[in-house]
Amino acid sequence: MALHHFHKGCISERKLGYILAAIEYEYQKVAWSAEDDLAHGKISQAEFNRIIKEAKFKWLGE
């Protein structure tokens, strides 16, 4: 969505960078928490993989 608005000229490259950085930060918060939970046995490897997959999809759309 942000890239779409950037290509239409609705937002600057700087604002696009801020948006992308914020999305990446949200991914990192989820990933760090999941890593900690996995390390302390609070979640299984399968749960960890699901959490990371969902977070990565929100970040990269993949």
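In case you missed it, the structure is sitting above this.
Residues numbered from 1 in each chain as written. Predicted model: local features only at pLDDT ≥ 70, side-chain atom pairs only at ≥ 80, totals over all residues. Heavy atoms only, no water.

### Structural notes on the nonpolar core
Here is the rule we go by: Within this scheme, the nonpolar core is defined by two criteria: the residues are buried Ala, Val, Leu, Ile, Met, Phe, Trp, Tyr or Cys, and they are joined through side-chain atoms within 4.5 Å. The buried label goes to any residue with under 20% of its type's maximum accessible area, the exposed label to any with over 50%, and the partly exposed label to all in between, with areas taken from a 1.4 Å probe on protein chains only. Each helix is a run of H or I in the DSSP string that is no shorter than four residues. Each strand is a run of E no shorter than two, and both are numbered from the N terminus. Throughout, a contact is declared for two residues whenever any of their heavy atoms are within 4.5 Å.
Of all hydrophobic cores here, the largest spans seven residues; its members are Tyr27, Ala31, Ala34, Ile43, Phe48, Ile52 and Ala55. Residue assignment for this core shows that the elements contributing at least two residues are helix H2 (13-39) and helix H3 (45-60). Setting aside chain neighbours within four positions, we find Phe48 in contact with Ala34, Glu35, Leu38 and Ile43.

### A short note on the environment of His40
Spelled out, the test is: Residues adjacent in sequence count toward polar contacts only when both atoms are side-chain atoms; beyond that, a polar contact is any pair of N or O atoms within 3.5 Å, and within protein one must be able to donate a hydrogen and the other to accept it.
Within the secondary structure, His40 is located in the loop between H2 and H3. Overall, the relative accessible area of 56% leaves His40 in the exposed class. Polar side-chain contacts of His40 include one of 2.8 Å to the backbone oxygen of Asp36.

### Focus on the pattern of salt bridges
Applied cut-off: One side-chain nitrogen of Lys or Arg within 4 Å of one carboxyl oxygen of Asp or Glu is enough to make a salt bridge.
For the structure on display, the rule yields two salt bridges. The partner of Glu26 in a salt bridge is Lys29, with the nearest N and O atoms 3.4 Å apart. Highlighted residues: Glu26 and Lys29, both in helix H2, separated by three residues, approximately one helical turn. Classification of Lys29 by relative accessible area gives partly exposed; the value is 37%. In this structure, the salt-bridge partner of Arg50 is Glu54, at a minimum N-O distance of 3.3 Å.

### Observations regarding H3
Cut-off, in case you're wondering: For a helix, the expected span equals 1.5 Å multiplied by the number of residues minus one. It is the directions from the helix axis to the C-beta atoms that the arc portrays.
Counted at 1.5 Å a residue, the expected span for H3 with its 16 residues is 22 Å, and the 22 Å between its end C-alpha atoms agrees. Every buried residue of H3 is listed here: Phe48, Ile52 and Ala55. Around the axis of H3, the buried residues are gathered within 70 degrees of arc, so they sit on the same side. Exposed residues lying more than 90 degrees from the buried face of H3 are Ala46, Lys53, Phe57 and Lys58. Positive phi shows up at Gly61, right after H3, with a value of about 75 degrees.

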